[in-house]
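So the chains spell out like this:
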Amino acid sequence: LKDLGINQVECLVSTDDEAFTDYKRISRLNAVQEHKMVLRAIERGVPPEQIAKALDINVHSVQRKVRMLDGICEEAINLLKDKACPMAVFEVLRKMKTLRQIEAAELLINANNYSVPYASAILAGTPQSQLVEGSKPKRIMGITTEAMARMEAERVPCGVVLSPAELGQDA
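Another aspect to go through is the overall build of the protein. Within the protein, the regular secondary structure consists of eight helices and zero strands. Shown N-terminal to C-terminal, the secondary structure of the protein runs as helices and strands in the order α-α-α-α-α-α-α-α. Scored against the burial criterion, the 171 residues of the protein give a buried share of 26%. The long-range share in the protein, meaning contacts at least 24 apart out of those at least 6 apart in sequence, stands at 58%. A total accessible area of about 12,300 Å² is found for the protein, and carbon and sulfur atoms account for 53% of it.

Listed below in structure tokens is the structure:
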């Protein structure tokens, strides 16, 4: 300012000392919040190209964000809406029927693991009858058909409490 010859400027002075920096406390949106934000912008007339430019992503990614919750039941959305759950997890959940989506969301929350590999493992353990396309065989990278059949056979329903003996542990 001195180099520009400016002698007076208006300043805001913070009296709250929280050691706040731009990088220390970044407020990140989770996938559901980001989906709602993008939808709201589009509803207000903002073109997807402008949203993509503002977020520094491609238009295809904006379209994926818009479609992210298509085919996901409201209960599963409500369970995961405030969790750090990546967008790709919803793509995995979309392959499951409604009740299995809710079960899977509860499993993600109980394990505090919202990763795509964990969601894919839940999908692998899901019986064909609980998949949206139950007639199509599941294909999950790195898992053989035999391994999937074993996981389905060993699946424990949500809410069932196993005894230490059933878990293979001494009582």
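A separate point is the pattern of salt bridges. Any two side chains of opposite charge can pair, given that their charged atoms come close. Scanning all chains against the criterion turns up four salt bridges. Across the salt bridge formed by Lys83 and Asp82, the nearest N and O atoms sit 3.7 Å from each other. Residue classification places Asp82 among the exposed positions, given a relative accessible area of 55%.

Residues Leu1, Leu4, Ile6 and Val9 make up a contiguous nonpolar surface patch of about 400 Å² in total accessible area. Among the residues examined, Leu1 registers a relative accessible area of 57% and is labelled exposed.

Bringing helix α6 (residues 98-111) into the picture now. With 14 residues, α6 extends 20 Å from end C-alpha to end C-alpha; this agrees with the ideal 20 Å at 1.5 Å per step. Buried residues of α6: Arg100, Gln101, Ile102, Glu103, Ala104, Ala105 and Leu108, and no others. At its buried positions, α6 is contacted by α4 (74-80), α5 (87-93) and α7 (116-124). One or two positions beyond α6, positive phi appears at Asn112, with a value near 50 degrees.

A residue-level look at the protein finds 72% of positions with pLDDT of 70 or above and a mean pLDDT of 82. Between residues 159-163, whose pLDDT stays under 50, and residues either more than four places distant or in other chains, the model counts three contacts.

Right, let's get into the nonpolar core. Within the largest apolar cluster, 25 residues are counted, with the highest numbers of intra-cluster contacts made by Met68, Leu80, Phe90, Leu93, Met96 and Leu108. Listed by contribution, the elements that provide at least two residues to this core are α1 (31-43), α4, α5, α6 and α7. Sequence-distant contacts of Leu108, that is, excluding residues within four places in its chain, are made with Leu80, Val89, Asn113, Tyr114, Tyr118, Ala119 and Ile122.

Here the focus is a positive patch on the surface. On the surface, Lys36, Arg40, Arg44 and Lys81 cluster together into a patch of positive charge. Along the chain, the position of Arg40 falls in helix α1.

Thresholds applied
- Sequence order as written defines residue numbering, which begins from 1 separately in each chain.
- Totals for whole chains, interfaces and linings use every residue, but because this is a predicted model, local features are given only for residues with pLDDT of at least 70 and side-chain atom pairs only at 80 or more, for both listing and counting.
- Neither water nor hydrogens contribute to the side-chain values; these are computed over all heavy atoms in the structure.
- Strands are runs of DSSP state E lasting at least 2 residues, helices are runs of H or I lasting at least 4, and numbering of each runs from the N terminus.
- Exposure classes here rest on a 1.4 Å probe applied to the protein chains alone. A residue is buried below 20% of its type maximum, exposed above 50%, and partly exposed in between.
- Two residues form a contact once any of their heavy atoms are found within 4.5 Å.
- Residue exposure ignores everything except the shown protein chains as possible cover, and the areas themselves are Shrake-Rupley values with a 1.4 Å probe.
- Salt bridges are defined as contacts in which a side-chain nitrogen from Lys or Arg sits within 4 Å of a carboxyl oxygen from Asp or Glu.
- A residue counts toward a patch only above 30% relative accessible area and without a salt bridge, and it is joined to like-charged neighbours within 9 Å or, for Val, Leu, Ile, Met, Phe, Trp and Tyr, to nonpolar neighbours within 5 Å.
- Each residue after the first adds 1.5 Å to the expected span of a helix.
- Each residue gets a pLDDT score, which is the predictor's confidence in that residue and runs from 0 to 100.
- Definition used in this section: a nonpolar core is a set of buried Ala, Val, Leu, Ile, Met, Phe, Trp, Tyr and Cys residues joined via side-chain atoms within 4.5 Å.
- Under the counting rule used here, the positive set is Lys and Arg, the negative set is Asp and Glu, and His together with the chain ends is not counted.
- A single reference atom marks each charge: NZ on Lys, CZ on Arg, CG on Asp, CD on Glu.

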